[in-house]
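Below, each chain spelled out in residue letters.
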Amino acid sequence: MSSTSSLHQRSLHKPYNLLFQKSSTDGPSKPYYFSFLLNRTTFLLLLTLLIILGVFSPWIGDRSTFFSSSRVSLEAKWRGYTLTEAVAYVAKNGSTVIVCAVSQPYLPFLNNWLISIARQKHHEKVLVIAEDYATLYTVNGRWPGHAVLIPPAPDAQVAHKFGSQGFFNFTSRRPRHLLQILELGYNVMYNDVDMVWLADPFPYLKGNHDVYFMDDMSDVKPLDHPNVLPPPGKKGRTYICSCMIYMHPTAGAKLVMKKWIEELQIQPWSKAKKANDQPAFNWALNKTAGQVDLYLLPQAAFPTGGLYFKNQTWVDETKGKHVIIHNNYILGFEKKIKRFKDYNLWLVDDHASESPLGKLE
């Protein structure tokens with residue numbers, strides 16, 4: 001038999017009762033040699049165990065210290081996480097970022113919104129701009145890298161109450177965030193989180209316009225209405241919703257954001273005039289309209305809550321055309337949630353597993 005074939009031959013085994021027989025050529029007895037190997041292996045295992053215990057014993061006595069240290073380390077990491085890093089991370093497979101701004105009380109709405117986006121396969125583009133550290137840690141703890149906090153954080157206790165100075169301070173940060181993302185060279189879509197996606201909106205964001213937006217008026221428009229900035233209303237300005245904005249990183253889009261910031265400074269919050277960011281956004285659009293390519297999205301696809309939730313005849317006539325629904329024209333968390341439930345748009349109770357955040361307690 002050749003040497004090559006002999007390599008693949010199975011060796012002949014001695015019967016079990018002959019394994020420990022001593023032959024004239026064996027040297028030390030086989031039982032003694034086997035026992036020696038066993039003892040040496042046991043000794044090495046014990047030595048390794050003692051070394052491990054010596055290294056980790058300080059943590060074993062107090063596991064809470066270990067986990068507390070780990071938590072502090074992660075929190076420090078996310079505190080130092082920058083918008084530039086966050087945008088690059090979520091847009092790693094493209095040039096578009098979907099942005100929302102959230103404080104802790106709105107986390108259930110964030111989760112509801114995320115489920116609807118995940119169903120359209122666009123959730124990996126989402127960047128949550130956390131407006132308090134609790135939100136930052138919650139989101140990144142469950143979905144690492146998808147939340148960033150841009151200091152200083154507003155007062156979390158008052159940032160959620162519509163009409164308050166805290167709410168104004170919270171929303172007035174929005175154009176600065178969006179401008180920063182545009183300056184980094186990305187397309188950006190902004191959504192309020194009391195919205196639900198019923199279909200993919202990106203086919204409607206056609207062309208190369210600077211800024212895309214939806215009307216906040218509940219008056220019914222023709223299905224083929226022009227995609228231009230509507231005429232001003234009674235207050236001398238339009239009623240465009242700042243809840244849904246899409247922009248390309250053009251000079252025109254940046255101009256609108258800068259003008260929005262200016263208008264917020266001109267019209268600050270006061271007890272007499274409890275402003276929010278939307279009138280300033282409309283003034284910015286009106287004052288730059290001749291210099292910027294603006295695009296009004298179709299009403300049937302992007303209806304305001306004052307139309308979708310209050311005109312069932314219109315909803316029936318436009319069935320199958322709705323893309324993003326905004327739960328506005330109503331105040332209060334509980335009322336918004338009830339309305340969503342009434343229209344089968346509250347998804348978190350039965351479909352939390354579809355969210356990248358999972359079920360939030």
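Structure's up top.
These numbers come from a predicted model, not from an experiment.

## Focus on the pattern of salt bridges
Phase 1 of the analysis: Considering all chains together, one arrives at 10 salt bridges under this definition.
Phase 2 of the analysis: The residue lysine 336 makes a salt bridge to aspartate 194 at a minimum N-O spacing of 2.7 Å. Residue lysine 336 is located in helix H13 (residues 333–342), and its partner aspartate 194 is located in the loop between strand E4 (187–191) and strand E5 (195–197); the two are separated by 142 residues in the primary sequence. Neither lysine 336 nor aspartate 194 differs from the other in exposure class; each is buried.
Phase 3 of the analysis: Across the salt bridge formed by lysine 287 and glutamate 263, the nearest N and O atoms sit 2.9 Å from each other. In this pair, lysine 287 sits in helix H10 (residues 277–288) while glutamate 263 sits in helix H9 (residues 251–266), placing the two residues 24 residues apart along the sequence.

## Observations regarding the packing of aromatic side chains
Phase 1 of the analysis: Overall, the coordinates contain 16 aromatic pairs when judged by the stated rule.
Phase 2 of the analysis: Relative to tyrosine 295, the ring of tyrosine 212 lies with its centre 5.3 Å away and its plane at 55 degrees, an arrangement referred to as tilted. Here tyrosine 212, found in strand E6 (residues 211–215), pairs with tyrosine 295, found in strand E8 (residues 294–296); they are 83 residues apart in sequence, far enough to count as distant. Like tyrosine 295, tyrosine 212 is buried.
Phase 3 of the analysis: Note on tyrosine 308 and tyrosine 343: the rings are 6.1 Å apart at their centroids and 50 degrees apart in plane angle, and the pair reads as tilted. In this pair, tyrosine 308 sits in helix H11 (residues 305–308) while tyrosine 343 sits in the loop between H13 and helix H14 (348–351), placing the two residues 35 residues apart along the sequence.
Phase 4 of the analysis: A network of ring pairs unites the aromatic residues Tyr106, Phe109, Phe333, Phe340 and Trp346 as a single cluster.
Phase 5 of the analysis: The ring of tyrosine 133 carries arginine 79 above its face, with NZ or CZ at 4.0 Å from the centroid.

What counts, and where the lines are drawn
- Residues numbered from 1 in each chain as written.
- Predicted model: local features only at pLDDT ≥ 70, side-chain atom pairs only at ≥ 80, totals over all residues.
- Heavy atoms only, no water.
- Salt bridge = Lys/Arg side-chain N within 4 Å of Asp/Glu carboxyl O.
- Helix = DSSP H or I, 4+ residues; strand = E, 2+ residues; numbered from the N terminus.
- Buried < 20%, exposed > 50% of the residue type's maximum accessible area, 1.4 Å probe, protein only.
- Phe/Tyr/Trp six-rings, centres within 6.5 Å; stacked < 30°, edge-to-face > 60°.
- Lys NZ or Arg CZ within 6 Å of the ring centre and 35° of its normal.

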